Amino acid sequence: MSNLNSKIPEGPLAEKWSRHKSAIKVVSPANKRKLEVIVVGTGLGGASAAASLAELGYNVKAFCYQDSPRRAHSIAAQGGINAAKNYQNDNDSVFRLFYDTIKGGDYRAREANVYRLAEVSPNIIDQCVAQGVPFGREYGGTLANRSFGGVLVSRTFYARGQTGQQLLIGAYQAMNRQIAKGAVEIYSRHEMLDVVIIDGKARGIIARDLITGEIKRFGAHAVVVATGGYGNVFFLSTNAMGSNGSAAWQCYKKGAFMANPCYVQIHPTCIPVHGDQQSKLTLMSESLRNDGRVWVPKKKEDAEKLQRGEIKANDIPDEDRDFYLERRYPSYGNLVPRDVASRAAKERCDAGYGVNSEGKAVFLDFKYSIERLGKDVIEARYGNLFQMYEKITDVDPYKEPMMIYPAIHYSMGGTWVDYNLMTTVKGLYSIGEANFSDHGANRLGASALMQGLADGYFILPYTIGDYLADEIMTPKTDTSAPEFKEAEKSVKERIEKLYNIKGSKTVDYFHKKLGQIMWDHVGMSRNAEGLKEAIKMIRKLREDFWKDVKVPGEMDNLNPELEKAGRVADFFDIGELMAMDALDRNESCGGHFREESATDEGEAKRNDEKFTYVSCWEYQGEGKEPKLNKEELVFENVKLTQRSYK
Amino acid sequence: MADKILKKLNIKVWRQNRASEKGKFETYTIENISTGSSFLEMLDILNNDLIEKGIDPIAFDHDCREGICGTCSLYINGRPHGPDTEITTCQLHMRKFKEGETIVIEPWRAKAFPVVKDLVVNRTAFDKILQAGGFISVNTGGVPDGNAIPVGYDDAEEAMDAAACIGCGACVAACKNSSAMLFVAAKVSHLAKLPQGKVEAKRRARNMIAKMDELGFGGCTNTGACEVECPKSISISNISRLNREYLVARFSE
Ligand SMILES: Cc1cc2nc3c(=O)[nH]c(=O)nc-3n(C[C@H](O)[C@H](O)[C@H](O)COP(=O)(O)OP(=O)(O)OC[C@H]3O[C@@H](n4cnc5c(N)ncnc54)[C@H](O)[C@@H]3O)c2cc1C
Ligand code: SF4
Ligand code: FES
């Protein structure tokens, strides 16, 4: 029997959140002072939650693995953040943002959650402005907007190409203010390695001090996990090197269900892989598709000449260029959603039209907009991205088109949460990219920042009160409880086990191999046979890892290899579950493309009759098959249609 | 443009096992590095070699590897973030180095940034400076509509220029006095340029400077070394603005 209760409030869609807010419990200021909350992660989700909870009066402890909370991976987000402000008078509305997000997610997200996200989105912009986020402005002093993929209105707010950085700094500064007041205690360079559950409720965490190696216990009345996504299971991705799925995975092992792990997003505009020494992939913001046109040569012989380096892009006349997105999707053109753009690029490259030496790249050309708008305008819009591109590739994108190729970018799947953002473990919450909640099978651009901040500023601070109101009589968590001892012991044993293998191969060796399996079989295009093969290969590789990995250094010292080893160990398990989930879902939806389920034109084909559910995986113990529970998705306000961007 | 292979490089690098232990330089050789690889990818390869040889790999800080998180930090051939301008170490590419070259790598050197291990230093002092006042005092909720506070295009752009600071610490490492003035000035300017931030501008400047002094950063003597090495081109004119704010703050005491 699964205990899946999504707790979606009754009532009409537009009233659910306000009705819910008035129905849930509130904790008095005097009682808030007695309650402690642990927030793991200081990205947009974690930092905004930590700051807001502390402002309310709770005692907060915040954790991150970097040397400063300001360095969380959210900092790297470039393009922007959506909000239904309708400042452009282009008929945007809460409903339209809701609808775009549901449709963009290929009808695999909960209506109620998505509507709430759209509903609070305008507040986020107001909040960030008040904090001093230097959003782009018009000459009249009002906020500027740009468009992003998958939508027909202009609702994306931005701070040059550094929106994530500026939003995160806003949240970080709000948190700093609370740190100065003593309301937030910050633990940088601390990695959560387990969650501690007492009498069915989350009561604390075990963390390793990454400088001294000390394993420490931390108690609280509730635990919030905001540790980001698991895209690094693919080794090469746009995620930061340290981004990991481990905290979420430990929660899974302690009873929190994992939802839709097979939904990962492949971003169409990344700098292509070069050679075999590469450690990560760099994203070129989607906003570039506003002014860049995507193309490959029409003639195969031109593509082959490009691949051999005999000609350059500019040698190919306009009439010999195939603007394949504009050709295939005339109404959205270069602004189709990410999954569609990525698959279209792969299709052209697989057909032999790729434009770099490996045949795995397409052009993103700014020539046309430079002609139309002038170099200055393009420079003002994308200057830092162009500079970044040039530093990496040694090519000047003002003169020659960029080369781009899809890469792993975001995980829509994650820890299952109910409407209150609580997992299947009481008192354990999951916010930001770590949860599965709002993006269905595909996330629209500029919506992750929105979701992280919605969760942290405007949703969790309300919903957590409903749970904590019943905990006001619970004394401070005693970290000498047997459950803490037990958790600490198992964490130490695992570290010792990894350290003592003293095998012959580095952690990276295994991580790269795992990444290759994932990319080949659980990547942009999947089929049953490949997925079954992948599961076998992952299991074999995991066995080898636990026999033959070599972790150097000392356990009681800063040891990046030891940190990596722990994360990669979990990536095997996550990768395996992703493949199992992808195998179960024999339909194509959003970022998940099953070759068995395509239209004659090769477009993705959903199967609503069979798959209108959230896959919720339940851990059954080491070496046992996990159990699949299903949360049926009910659509009362939108009609399910085959997505079309034609 | 086409990538070449550097057949051999010598890497002379600072090794120090812990803060409490003494450090020294060690030299390693590394072979077959593509000029298209990043500097940190070169270190990854070196580390994998070292691990295979049973030598403790070199600890260095990094995370985003795209020049925005401010985690990477190396002092390469006598320059913070190495021999290129307007970039961080993680964006530095091996095409900037020559065949057979000896590359010297050190950690940031500053009293306020003690070494943790090898090339990793502790920059918590930066967080502490910002905690002392680098924010606008608003709580979540109850704020006016975003467009209710108009901000001129140029002011927003200037605020953004200053807000682009990534908190890497190169300015401190570049400065002979180990002053954090550029870092502090960037934050003070970012917030003081915006109407929302003006309200607390004086108090902010005063508190942050007091904290900076207390944490052991040196004073600014206007050498301009920070501006040259700052990967985000934070302008030294921010320091003049800070000085103005600060003087106003002092006189109004
Ligand atoms: C290159 C890039 C560009 C992007 N651009 C956009 C964009 O323009 N618009 C948009 O909406 N979205 C964008 N995204 C997506 C968006 O940035 C992320 O989804 C979002 O920032 C995630 O925020 P988060 O708070 O959930 O997690 P993160 O920001 O990833 O933060 C995770 C936090 O958890 C901590 N942590 C992780 N594991 C542990 C552990 N075990 N113990 C302790 N701490 C831990 C980390 O230290 C960190 O503080 C982009 C993503 C990338 C990669
Ligand atoms: S001012 Fe420049 S050098 Fe100094 S911390 Fe900021 S970005 Fe780094
Ligand atoms: S690793 Fe993030 S700036 Fe260099």
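**Q** Please give an account of the site of ligand 1 that cites residues and values.
**A** Taken together, 39 residues surround ligand 1, and among them A:Gln66, A:Ser74, A:Met192, A:Glu433 and A:Leu449 come closest. Nearby residues place ligand 1 at the junction of chains A and B. For ligand 1, an oxygen atom lies 2.8 Å from a polar atom in the backbone of A:Thr42. A:Leu44 has a polar backbone atom sitting 3.1 Å from an oxygen atom of ligand 1. When ligand 1 is considered free in solution it has 1,000 Å² of accessible area, and contact with the protein chains removes 98% of it. Elements that contribute at least two residues to the shell around ligand 1 include exactly α3 (44-56), β6 (190-198), β15 (402-411) and α13 (448-468) of chain A.

**Q** So, the sheet that holds strand β5 (residues 184-187) of chain A: which residues are in play, and what are the values?
**A** Residue and element names in this part refer to chain A. Strand order in the open sheet formed by 5 strands is β5-β2-β1-β9-β17, and the pairing between neighbours is parallel. Each edge of the open sheet is held by one strand with a lone partner, namely β5 and β17 (428-430). Across the sheet, the mean angle from the axis of one strand to that of its neighbour is 20°, orientation sign disregarded. Relative to β5, strand β2 (residues 59-63) runs parallel, the two being bridged by 4 bridges. Bridging from a neighbouring strand, Lys 61 pairs with Glu 185 of β5. Docked against the sheet, helix α6 (residues 163-180) engages β2 and β5, running at close to 110° with respect to β5.

**Q** Which residues make up the interface of chain B and chain A, and what values do they have?
**A** At the interface, 78 residues of chain B touch 77 residues of chain A. Interface of chain B and chain A: buried area, both sides summed, is about 6,600 Å²; carbon and sulfur atoms make up 49% of it. Summed over the shared surface of chain B and chain A, the result is 10 salt bridges. Ionic pairing is found between A:Asp556 and B:Arg18, a salt bridge with its closest N-O pair at 3.2 Å. Within the residue set of the side of chain B that touches chain A, elements represented by two or more residues are β2 (24-34), α1 (39-52), β6 (115-117), β7 (120-121), α2 (124-131), α3 (153-163) and α5 (181-192) of chain B. Counting residues per element, the side of chain B that touches chain A draws most heavily on α3(B), which supplies 7 residues. Tallied by class, residues from the side of chain B that touches chain A come to 33 nonpolar, 25 polar and 20 charged.

**Q** Let's hear about the nonpolar core: which residues, and what values?
**A** In this structure, A:Ile81, A:Phe135, A:Ile464 and B:Phe217 are the most contacted members of the largest nonpolar core, which totals 122 residues. A per-element tally of this core places α13(A) first, with 11 residues. The residues that make up this core include at least three from each of domain 1 (5-117) and domain 2 (124-251) of chain B. The residues contacting A:Ile464, other than those within four sequence positions of it, are A:Val37, A:Leu53, A:Tyr58, A:Ala222, A:Val224 and A:Tyr429.

**Q** Just give me the short version of the environment of A:Gly242, but keep the residues and values in it.
**A** Mapped onto the elements of the fold, A:Gly242 is located in the loop between β9 (222-225) and α7 (246-253). With relative accessibility at 4%, the residue A:Gly242 sits in the buried group. Separated by 318 residues in the primary sequence, A:Gly242 and A:Pro560 have C-alpha atoms spaced 9.7 Å apart. Among residues more than four places away in sequence, those in contact with A:Gly242 are A:Tyr65, A:Asn232, A:Arg567 and B:Asp63.

**Q** Tell me about the sheet that holds β6(A), residues and numbers included.
**A** Residue and element names in this part refer to chain A. Taken in spatial order, the 3 strands line up as β6-β7-β8 in an open sheet, and their pairing is antiparallel. For this open sheet the edge positions go to β6 and β8 (215-219), each flanked by a neighbour on one side alone. Adjacent strand axes in the sheet meet at a mean angle of 25°, parallel and antiparallel pairs treated alike. The sheet contacts of helix α14 (residues 482-501) involve β6, β7 (201-209) and β8, and relative to β6 the element is tilted by about 140°.

**Q** Before we move on, can you summarise the pairing of strand β1 (residues 36-40) of chain A with the specific residues and values?
**A** Residues and elements named next belong to chain A. Counting buried positions over the 5 residues of β1 gives 5, a clear majority of the element. Residues of β1 alternate between two faces, with Glu 36, Ile 38 and Val 40 on one and Val 37 and Val 39 on the opposite face, all of them buried. The pairing of β1 with β2 spans 5 bridges and is classified as parallel. In the strand pairing of β2, Val 37 is matched with Val 60. Running through α3, the crossover from β1 to the neighbouring parallel element β2 is right-handed. Both β1 and β9 contribute to a ladder of 4 bridges, which runs parallel. Pairing of Val 37 across the sheet is with Ala 222, part of β9.

**Q** Give a description of the packing of α14(A) against helix α16 (residues 528-548) of chain A that names residues and reports values.
**A** All names here are of chain A. At a minimum axis distance of 6 Å, the contact between α14 and α16 shows a crossing angle of 80°. By the angle between their directions, the pair α14 and α16 is classed as roughly perpendicular. Along its contact with α14, which presents Arg 494, Lys 497, Leu 498 and Ile 501, the element α16 presents Phe 545, Trp 546, Lys 547 and Asp 548. Of the residues that constitute the contact of α14 with α16, the class distribution is 4 nonpolar, no polar and 4 charged.

**Q** Summarise the site of ligand 2; cite the residues concerned and give the values.
**A** Residue and element names in this part refer to chain B. Taken together, 13 residues lie around ligand 2, and Cys 165, Cys 168, Gly 169, Cys 171 and Cys 230 are the ones closest in. Counting residues per element, the ones that place at least two in the shell around ligand 2 are α4 (170-174) and α5. Considered class by class, the residues forming the shell around ligand 2 number 11 nonpolar, 2 polar and no charged.

**Q** Can you tell me about the domain arrangement of chain B, naming the residues and giving the values?
**A** The extent of an interface is frequently quoted as the accessible surface area lost upon association of the parts. Residues and elements named next belong to chain B. On domain assignment, one finds that chain B holds domain 1 (5-117) and domain 2 (124-251). Summarising the inter-unit geometry, the C-alpha centres of domain 1 and domain 2 are found 29 Å apart. Taken together, the contact pairs 18 residues of domain 1 with 19 residues of domain 2. Between domain 1 and domain 2 the total buried area reaches about 1,400 Å² when both faces are included, carbon and sulfur atoms providing 58% of it. Of all residues in domain 1, the largest losses of buried area upon contact with domain 2 belong to Pro 80, Ala 112 and Phe 113, amounting jointly to 32% of the total for that side. Put simply, domain 1 and domain 2 have 1 salt bridge between them. One salt bridge connects Arg 79 with Glu 229, and the closest N-O pair in it is separated by 3.1 Å. Inspection of the region where domain 1 meets domain 2 yields 3 residue pairs in polar contact (both at pLDDT 80 or more). Considered class by class, the residues forming the side of domain 1 that touches domain 2 number 10 nonpolar, 4 polar and 4 charged.

**Q** Just give me the short version of the state of the cysteines, but keep the residues and values in it.
**A** Note on terminology: a disulfide is the covalent bond linking the sulfur atoms of two cysteines. Scanning the entire structure with this criterion turns up 0 disulfides over all chains. Residue A:Cys128 stays outside any disulfide, its sulfur separated by 19 Å from that of B:Cys165, the closest cysteine.

Criteria and thresholds
- Residues numbered from 1 in each chain as written.
- Chains lettered and ligands numbered in written order.
- Predicted model: local features only at pLDDT ≥ 70, side-chain atom pairs only at ≥ 80, totals over all residues.
- Heavy atoms only, no water.
- Near = heavy atom within 4 Å.
- Polar contact = N/O pair within 3.5 Å; in protein donor to acceptor, adjacent residues only side chain to side chain.
- Areas by Shrake-Rupley, 256 points an atom, 1.4 Å probe, with all protein chains shown as cover.
- Helix = DSSP H or I, 4+ residues; strand = E, 2+ residues; numbered from the N terminus.
- Pairing = 2+ DSSP bridges.
- Axes fitted to C-alpha atoms, helices over the stretch in contact; angles between N-to-C directions.
- Contact = heavy atoms within 4.5 Å.
- Buried area = accessible area lost by both parts, 1.4 Å probe.
- Salt bridge = Lys/Arg side-chain N within 4 Å of Asp/Glu carboxyl O.
- Nonpolar A, V, L, I, M, F, W, Y, C, P; charged D, E, K, R; others polar.
- Core = buried A, V, L, I, M, F, W, Y, C linked by side-chain atoms within 4.5 Å.
- Buried < 20%, exposed > 50% of the residue type's maximum accessible area, 1.4 Å probe, protein only.
- Domains from an automatic or database assignment.
- Right-handed = clockwise from strand over helix to strand, strands pointing away.
- Parallel < 35°, antiparallel > 145°, perpendicular 65-115°, else oblique.
- Disulfide = S-S within 2.5 Å.

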